[in-house]
Each structure stands twice: as C-alpha cells, then as structure tokens.
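Now for the letters of each chain:
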Amino acid sequence: SSDVCSSDLVMQGDFYTAGKYGEEGLQMFDQSKAVDERPTYVVFNGSVGALVGDKAITARIARARGVVRMQPRTRERLLAGDTPKGDVFATVRIAGIQGGKRTAELIPLCHPLMLNKVSVDIKPDDTLPGLRVTATARVTGKTGVEMEALTAVSVAALTVYDMVKAADKSMRIG
C-alpha cells in the first residue's frame with residue numbers, strides 16, 4: 001500500500017525512501033515489494049551507491065516546507081523592515097535558491113541536476129508566530145528533486161535565523 005504523508009523524506013527500517021508528489025500529495029513507495037523492484041536510489045545501510053538507472057526523462061517537482069518560530073516582537077520588527085542586516089525576505093529567497101542549486105556540493109552522492117527552477121516562498125504566520133517557508137524545485141530529468149527542495153528550504157530557514165538572531169536567539173526552525 002502507498003502512504004500519503006507530509007514529509008519528503010521518511011526513515012523506514014534500515015533505509016530512507018522518498019516519494020513522488022501527485023494530486024493527493026506525497027506518495028510513498030510500496031515497501032512490501034522485493035528489493036529489486038524498489039527505486040534504484042534506495043541505499044541500504046552498509047552500502048554506498050548513486051544510481052539513477054534507466055529511468056525515463058520526465059518533468060519532476062518537489063516541495064519542502066519549514067517554519068521559523070520567533071517571538072512576536074521579532075516578527076513585528078522583521079515585517080517592519082527593522083533588522084540590522086537589511087532586507088530579510090530578499091536575502092532569504094536568494095539564499096534558498098542558491099542552496100537548492102548547490103545541493104550536489106553539500107550532500108554526498110547527490111546527483112548534480114540542471115534545475116529548471118527553484119523558488120522560495122515566505123509567508124508570515126501569526127499563529128506560530130513566525131514565518132512559513134516553502135521551496136519548490138523543478139527539473140526535467142531521470143531523478144527527483146526532493147533533495148534540492150529540502151536543501152533550499154533548510155538554507156532559507158537558516159538564513160532567517162542568521163539575519164535576525166541578534167534580536168531573538170530563541171528562534172526555532174522546524
């Protein structure tokens with residue numbers, strides 16, 4: 001059976017697996033299948049490999065989401081543009097896009113991809129309080145772009161922290 005979950009990467013047993021986004025969200029690969037029927041990029045503990053295999057070239061998209069929780073006063077300052085390091089939103093978008101584009105340099109065995117697009121969206125959220133960050137990566141190729149989306153959202157969230165930490169060291173990334 002395939003599970004729908006909100007995460008892009010899930011630890012199951014002794015290996016990590018990633019799913020594909022469909023109309024209903026992230027679809028996890030069926031773990032009951034024999035090992036040789038699973039995707040070629042599943043790497044078991046104790047072995048190292050970076051296989052793409054004979055997959056078809058298709059349009060692929062991945063989205064990753066994160067949050068940066070902060071004190072209400074910090075959020076107010078950020079929205080008012082009252083931060084010592086300048087325009088947080090523009091810098092965070094650029095950092096996230098750069099992070100997504102440089103994923104193969106950061107993650108061992110991650111294939112370098114000719115990305116069609118990486119975008120980063122930042123939305124203030126009063127209920128956190130803080131920011132919701134979404135990264136979307138697109139490619140036409142043989143392998144997925146979930147690592148690029150995950151890296152982009154991680155770098156973007158870290159950049160928020162870096163740019164506002166002088167005002168609020170209690171921020172949390174999730």
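Source: prediction; values computed, not measured.

A. Representation of the side chain of Thr74 in the model. Considering the arrangement of structural elements, one finds Thr74 in helix H1 (residues 72–80). By relative accessible area, which is 4% here, Thr74 ends up buried. In contact with Thr74, other than residues within four places in its own chain, are Val164, Ala167 and Asp168.

B. Main features of the pairing of strand E7 (residues 117–125). Taken together, the nine bridges between E7 and strand E8 (residues 130–141) define a ladder with antiparallel strand orientation. The residue of E8 that forms the bridge with Val120 is Ala135. Counted between consecutive antiparallel strands, the loop separating E7 from E8 contains four residues.

C. Fine view of unusual backbone geometry. Residues Leu128 and Pro129 are joined by a peptide bond in cis, for which omega reads -15 degrees. Mapping Pro129 onto the fold places it in the loop between E7 and E8. The backbone of Leu109 sits at a positive phi, close to 65 degrees, despite the residue not being glycine. With respect to the helices, strands and loops of the structure, Leu109 is situated in the loop between helix H3 (103–106) and E7. Looking at Leu109, the relative accessible area reads 48%, which means it is partly exposed.

Rules of the game
Residues numbered from 1 in each chain as written. Predicted model: local features only at pLDDT ≥ 70, side-chain atom pairs only at ≥ 80, totals over all residues. Heavy atoms only, no water. Helix = DSSP H or I, 4+ residues; strand = E, 2+ residues; numbered from the N terminus. Buried < 20%, exposed > 50% of the residue type's maximum accessible area, 1.4 Å probe, protein only. Contact = heavy atoms within 4.5 Å. Pairing = 2+ DSSP bridges.

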